[in-house]
Every structure is written in structure tokens, then in C-alpha cells.
Amino acid sequence: MSYIAERMNYIDASGIRKVFALAAKMKNPINLSIGQPDYDVDEVCKDVAINAIKNGFNSYTQTWGIEELREAVQEYYQDKFGVKISNVMITCGVSGGLFLALLATVNPGDEVIFADPYFVMYKHLVNLLGGKPVCVDTYPDFHLTTEKIEPVITNKTKILILNSPSNPTGLTIPKEDLVKIAELAKKYKLLVITDEIYESLLYDEKPSTIAGMYDQVILLNGFSKNAAMTGWRVGYAAGPEDIIQQMNTLQQYTFVCAPSFAQKAAVQALKSDMTQKIEAYRRKRDLIYEGLKDTFEVIKPKGAFYIFPKAPGGDGDEFVKKAIENNILIIPGSVFSDKKTHFRISFAAPDETIKRGVEELNKLAKQFL
Ligand SMILES: Cc1ncc(COP(=O)(O)O)c(C=O)c1O
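Residues numbered from 1 in each chain as written. Predicted model: local features only at pLDDT ≥ 70, side-chain atom pairs only at ≥ 80, totals over all residues. Heavy atoms only, no water.

Draft legend 1. Highlighting the sheet that holds strand β3 (residues 111–116). What the seven strands build is an open sheet, ordered β2-β8-β7-β6-β5-β3-β4; its pairing is mixed. Because the sheet does not close on itself, it has two edges, and the strands there are β2 (89–91) and β4 (132–137). With strand direction ignored, the average angle separating the axes of adjacent strands in the sheet is 25°. One ladder, built from five bridges, connects strand β5 (residues 157–163) with strand β6 (residues 191–195); its direction is parallel. Residue pairing in the sheet places Leu160 in a bridge with Val192 of β6. Running over the sheet, helix α3 (residues 67–81) touches β2, β7 (217–222) and β8 (235–238) and is turned about 70° from β8. (Pairing = 2+ DSSP bridges. Helix = DSSP H or I, 4+ residues; strand = E, 2+ residues; numbered from the N terminus. Axes fitted to C-alpha atoms, helices over the stretch in contact; angles between N-to-C directions. Contact = heavy atoms within 4.5 Å.)

Draft legend 2. The arrangement of the site of the ligand in detail. Close to the ligand lie 13 residues; Ser95, Asp195, Tyr198, Ser224 and Arg233 are nearest. A distance of 2.8 Å is found between an oxygen atom of the ligand and a side-chain nitrogen or oxygen belonging to Asn167. Interatomic distance of 2.7 Å between a side-chain N/O atom of Arg233 and an oxygen atom of the ligand. Protein contact buries 91% of the 400 Å² of open area that the ligand shows by itself. Sorting elements by how many residues they give to the shell around the ligand places helix α4 (residues 93–105) first, with three residues. Looking at the shell around the ligand residue by residue, the classes come out as five nonpolar, five polar and three charged. (Near = heavy atom within 4 Å. Polar contact = N/O pair within 3.5 Å; in protein donor to acceptor, adjacent residues only side chain to side chain. Areas by Shrake-Rupley, 256 points an atom, 1.4 Å probe, with all protein chains shown as cover. Nonpolar A, V, L, I, M, F, W, Y, C, P; charged D, E, K, R; others polar.)

Draft legend 3. Broad picture of the pattern of salt bridges. Across all of its chains, the model carries 23 salt bridges by this definition. With a shortest N-O distance of 2.9 Å, Glu150 and Lys187 are connected by a salt bridge. In this pair, Glu150 is assigned in the loop between α6 (146–149) and β5 and Lys187 in helix α7 (residues 175–188), connecting sequence segments 37 residues apart. Residue classification places Glu150 among the partly exposed residues on the basis of a relative accessible area of 29%. The partner of Arg285 in a salt bridge is Asp204, and the shortest N-O contact between them spans 3.0 Å. Separated by 81 residues along the polypeptide, Arg285 in helix α10 (residues 275–292) and Asp204 in the loop between β6 and β7 bring together distant segments of the chain. (Salt bridge = Lys/Arg side-chain N within 4 Å of Asp/Glu carboxyl O. Buried < 20%, exposed > 50% of the residue type's maximum accessible area, 1.4 Å probe, protein only.)

In C-alpha cells:
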């Protein structure tokens, strides 16, 4: 007899586990696998956090978070996107927000649409809750359009998850497509969950959001990528009052609240100027793209810090295995997709590491040609 709940059978973490098992044997790898920026939390944010702790700001906060941060988040969306978001609650990262949003809305059998390739949590959380993940194949250009979404909508479809810029492709959904997607969502009465965690790392275009284009949108964002606070676990959700209220009830019985000091620091992070970070990451994006484009079939990312090339020979699992044998740590595309043709590189790494990685990957690719 097993004590493990049946629902755990719906989560399959074998893909990423295999990579970690292989990676464990590596000594000092060229590490292009990491899902967090290579910059640290700003000193001024650290000071705010430390002072908050020293001044005794160490208790539970309100379940929905501190007023100061909820208001600062509203102002941020107003200033940056010209969009008035309402019912802001502070969550334990975007992961926390995503979990609460899906827990509050997915019934067994409900269909949840998202683009393939996808951020891993979408598929596993929907499965965990007894929902049905419905992936929209966006290969080879990774462009999510209404033409691709509409055919997979059924009478069981409830939710559409968007992620722009995307993990793992670094591509975005342009504003004109967001407008069409909002119209489609309205037509089919879909709830849209928009994961905007990489919104501030955008290299060629102005940021846009579907929040404000349609009223049934749950917006998720946080401080892990822009402010590098991955371990501080702070993010936020905003959206329809009835859903946010239920998410708040769930938070009361699960996470309770986001870490108090981190909420204070997040207020400061929203004031920080991202210009230099964006410039540095644009340069890294160019470095990796220019370095790979002649050998690999690859699309230039527009945001985030990932690039998703096609594996020479077409088997990403095999290519990553060989890369790891050659001391380069990258992630097979099969972790993020129903296909295994590609692989993910994170360029959130020092320029030197990127340059060495490019050189080694180009050498390795030649063995597959
Ligand atoms: C697309 C996407 N959403 C959400 C998350 C989770 O972020 P957080 O640290 O805020 O939970 C990540 C982290 O890698 C991500 O890539």
C-alpha cells in the first residue's frame, strides 16, 4: 500500500530529473541552464529588506499582502502600460499565484490551453488538478495566433494561459495579436491567465499586456527575474474580484502570506531603473544569437533570457546528452514540449561563459551534420 496520493501520478518530472542526474556528475560545467538572472538583488533593495527585519517587520502580513506593495503594483501597470489593474494580491512568487489561480478555477475535465513549448508548471499543475492540458503547437516560429488557438477550443475549454516573453523561447506575443486573442477569449468566454514574469526584460519592442483588453484576465507577475529575488518568493496577481477573493481564501490556508521583508523590498524594486540590466541582457542575447545562427536553426529571442534552437539531427535529447558529456549544461526541449527536436539555452550567464558555450556548441553541432 502506498501513502502517496493518486494525483501525484499525474505529475511527471522525469525529464528534468534525468538532466539533473546527468548534470550531477559534471565538474565546473559551462552552465547555460539557469532560470535566474546572473545579477544580484540591488543593494538598495537588500538594505530595505535588512532594515525591515531589523525593525521588527517579521510577522505575518495581511493574506493579500501589504497595502504599500499592492498600490505600488497598480501604479507600475498604470505608468508602464497605461492599464488600470484591480484587486491586486501579493503571492509567493508567480508560482504561488499560478497555483492559486488554477486551484481556484480548474474543475476535473476542464481544458486549459497554452502554447507548446510551455513553461513546465502549466502542464503539471493542470494535470495535478484533474484538468486537461491542451497544447497549441507553435513550431517552427513559436508564434501563438488566434488561427492556431481557435481550432483546439471545445465546449470544455475554460482557460487560456499566455506567457510573453516566453520561457523557453524568449519570444513575445505582439500587441496586435494580443488584441485578437482578447477578442477570441471574449467570444468563447475563456478565462485568460497571463504570466508576465519576463515583461521587464524586453529588447526590441514596447511592452504590452492583455490586461485591460478584456475583463476576464488574471495577471501574474513577480520579482524573481527583474529584481533577481528568486529566493525571496514574492509576486502578485490581479484580476476579477470573485476569483482573486477565492485565491485569497486559498492563500489563507496554504502559503498564508508572502515573506514580509521581501514585500517591503519589492516596493523598492518597482522603483528601480532596469535600463542597464536590459542593455546588458540585450548584448547577451545578441552574443548568443549571432554566435549560433550560422550553425543552428534558431529564432532571435525578443525578451527573457532564453533561446530555443533546433538540435542538429533533430533529436534534442541526444544533443543535450552529448553536450553534457562535453561539459555544457543545457536543457532538452522535451522538458518544455511534446516534441523533442529543440533545446533551451539560458543566456543569464557571464559573457565569458556565453562565448565558451557558443564555441563548444558550434563544435558539437558539426559532429551531428
Ligand atoms: C514563465 C515563468 N513563470 C513563472 C515562473 C516562476 O517564477 P517565481 O519565482 O516568481 O515563482 C518562472 C520561473 O522560471 C517562469 O519562467
